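# Structure assessment
The lines below spell out each chain.
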Amino acid sequence: MAWQERTRMSERQEFVAFARQDGANIAALCRRFGISRKTGYKWLGRAAAAQPLADRSRRPCSSPTQTPPAMEERILALRAEHPAWGGRKLHHALARESVVQPPAPSTITAILRRHGQLAADAPPRDFVRFEHPAPNDLWQLDFMGHRALDADRVHPLTLLDDHSRFALALAACGDEQLATVKAQVTAVFRRYGLPRIILTDNGAPWAPAGEATGLTRLEAWWLQLGIAPWHGAPAHPQTQGKVERFHGTIAAEVFGPRPFPDLAAAQTAFDAFRATYNHTRPHEALGYAVPADRYQPSPRPFPETLPEIVYGPDDEVRVVTVHGSIQWQGRRAFVSRGLVGLPVGVRPTDADGVWHVYFCHRQVATIARR
């Protein structure tokens, strides 16, 4: 039985006083005070040496494995620069700085927790990651969702390489119109080359509104460049999971409680974050490498002049009218409003009176005689 906390010092003093009396029975006193004889003789020894009877610290005289103060200060400073980074990201970031033997992630987590830098632990997640095998196989493109500025709104446009998670673009746009998107994507094409596929959701300006088939002007442009436009399943944002996760990182690490004053200030913050994200911030899905370690520009350069659209010898070529239709066998057949002014090829099928309409290599409509 241990000493009672509320009378610990007084009981020790009483024990010592009684044990020093002539003829004192030490064993009996120990039983009365509920302590072992070893403990009783310990207190008698301390009293004889004029040492205090209070509990001594159990802290070891030396801690050779303790994190040095300078390292702890560096951890806290790096955390202050990147408040959303946890123990593992900080560990790998320190390793990339060529710090000799940075503390283990669990140690860094303990340091952050001791300094009140961590919220409650998030529950573990069960998921399976998928990525395309090479850079530029597929890019994910999306608007993050507009955010307030002091006197306006910003529409962050994000473009991410699926294989490397390299952020190809993070643009502070004033709207979500076709001209704005095309200008931003053109700048990316010029710098990084052309991808094989671009994946978007089913909203504007990516997908044709109100049409079961057909193309947007943006998709038509991509097809002319030899890029396949893909769309995620409706109401299934997991298809664009990487860019959606990227949006969450931007929300945590860029947008604070106070809005940016204008688009220029937002773009400055975006540029700084993109540089950190691509070249400094360790990425868990990449084995804590950074995206720039896995990305390389596409070998397909951006052509300043679009290549000519060529169809096969059996195709009947028609130009899409302002209504999104073509003239075929004396009547008007709807094709797509996104192809106005562009040539399409009408190709016969094995079924009598049925033709398929192609733009470049993509089927965009079917014409049936009846």
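Residues numbered from 1 in each chain as written. Predicted model: local features only at pLDDT ≥ 70, side-chain atom pairs only at ≥ 80, totals over all residues. Heavy atoms only, no water.

Moving on to helix α3 (residues 37-48). Over its 12 residues, α3 runs 16 Å from end to end, which matches the ideal 16 Å to within 8%, given 1.5 Å per residue. Within the span of α3, buried status applies to Gly40, Trp43, Leu44, Arg46 and Ala47. Buried residues of α3 fall within an arc of 160 degrees about the axis and therefore sit on the same side. The outward face of α3, more than 90 degrees from its buried face, is lined by the exposed residues Arg37, Lys38 and Ala48. In the stretch just after α3, Ala50 is the one whose phi turns positive, near 60 degrees. (Helix = DSSP H or I, 4+ residues; strand = E, 2+ residues; numbered from the N terminus. Expected span 1.5 Å × (residues − 1). Buried < 20%, exposed > 50% of the residue type's maximum accessible area, 1.4 Å probe, protein only. Arc of directions from axis to C-beta.)

It is worth spelling out helix α10 (residues 263-279) at this point. Here α10 is 17 residues long and its end C-alpha atoms lie 24 Å apart, about the 24 Å a rise of 1.5 Å per residue gives. Ala266, Phe270, Phe273, Arg274, Tyr277 and Asn278 are the residues of α10 that are buried. Seen along its axis, α10 keeps its buried residues to an arc of 120 degrees; they face one direction. Exposed positions of α10 whose direction lies more than 90 degrees from the buried face are Ala264 and Thr268. The secondary structure elements touched by the buried residues of α10 are β3 (153-161), β4 (167-173), α7 (178-192), α9 (241-253) and α11 (291-294). Its side-chain oxygen 3.3 Å from the backbone nitrogen of Ala264, Asp262 forms the N-cap of α10. (Contact = heavy atoms within 4.5 Å. Polar contact = N/O pair within 3.5 Å; in protein donor to acceptor, adjacent residues only side chain to side chain.)

Right, let's talk about the pattern of salt bridges for a bit. Should their charged atoms come close, side chains of opposite charge can pair. Under the counting rule described, the total for this entry stands at 6 salt bridges. With its nearest N and O atoms 2.9 Å apart, the salt bridge here joins Asp315 to Arg347. Of this pair, Asp315 sits in the loop between α11 and β7 (316-319) while Arg347 sits in strand β10 (residues 343-348), and the two are 32 residues apart along the sequence. Classification of Arg347 by relative accessible area gives partly exposed; the value is 30%. Between Glu316 and Arg318 there is a salt bridge whose closest N-O contact spans 3.6 Å. Accessibility expressed as a relative area gives 39% for Glu316, which makes it partly exposed. (Salt bridge = Lys/Arg side-chain N within 4 Å of Asp/Glu carboxyl O.)

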